[in-house]
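Chain by chain, the residues run as shown.
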Amino acid sequence: MTYAILIFAAVAVVILLFVTVKAFKSPTLFYATEEPIDELATRLSCPKCRSRRLRPTGPYTLGCENCGFTFSVGTVKKRQPGSQ
């Protein structure tokens, strides 16, 4: 019985440490491109099959008409501490 309580307490401490580390980590933000998605669809190619037949499926999303692959256009960055 004592071992079960010790194991439960150890698991609880690990979970609390994990949540604490995640809470203090800087958030990841998506920075969308400033160019219109229609213009980007004519210049880019599919990352999966390299086809140039792309169609806009959302404000920052392109879909390939050839293979059906969908991908977002933009940059994912971590927020720098102290920046707004």
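Preceding this section is the structure that the text describes.
Note that this is a predicted model, so its numbers are computed, not measured.

Colleague: Is there a simple way to think about the nonpolar core in this case?
Modeller: Ile37, Leu40, Ala41, Cys46, Leu54, Leu62, Cys64, Phe71 and Val73 together form the largest nonpolar core, which totals nine residues. When contributions to this core are tallied by element, the ones reaching two or more residues are α2 (37-43) and β3 (61-64). Ranked by the residues each element gives to this core, the list is headed by α2, at three residues. Residues in contact with Leu62, not counting those within four places in the same chain, are Ile37, Ala41, Leu44, Leu54, Arg55, Pro56, Thr57, Phe69, Thr70, Phe71 and Val73.

Colleague: Just to check I follow, could you spell out the environment of Ser45 for this structure?
Modeller: With respect to the element layout, Ser45 can be found in the loop between α2 and β2 (54-56). Ser45 gets classed as partly exposed once you look at its relative accessible area, which sits at 25%. Separated by 27 residues in sequence, Ser45 and Phe18 have C-alpha atoms that sit 39 Å apart. Apart from residues lying up to four places away in sequence, Ser45 is in contact with Arg50, Ser51, Arg52, Leu54 and Phe71.

Colleague: Explain the state of the cysteines to me, please; I cannot follow it from the model alone.
Modeller: Here a disulfide denotes a covalent bond joining the sulfur atom of one cysteine to the sulfur atom of another. Scanning the entire structure with this criterion turns up zero disulfides. Cys49 forms no disulfide, and the closest cysteine sulfur to it belongs to Cys64, at a distance of 3.7 Å. Judged by its relative accessible area of 30%, Cys49 is partly exposed. For Cys64, a relative accessible area of 1% translates into the label buried.

About the criteria used
- Residues numbered from 1 in each chain as written.
- Predicted model: local features only at pLDDT ≥ 70, side-chain atom pairs only at ≥ 80, totals over all residues.
- Heavy atoms only, no water.
- Core = buried A, V, L, I, M, F, W, Y, C linked by side-chain atoms within 4.5 Å.
- Buried < 20%, exposed > 50% of the residue type's maximum accessible area, 1.4 Å probe, protein only.
- Helix = DSSP H or I, 4+ residues; strand = E, 2+ residues; numbered from the N terminus.
- Contact = heavy atoms within 4.5 Å.
- Disulfide = S-S within 2.5 Å.

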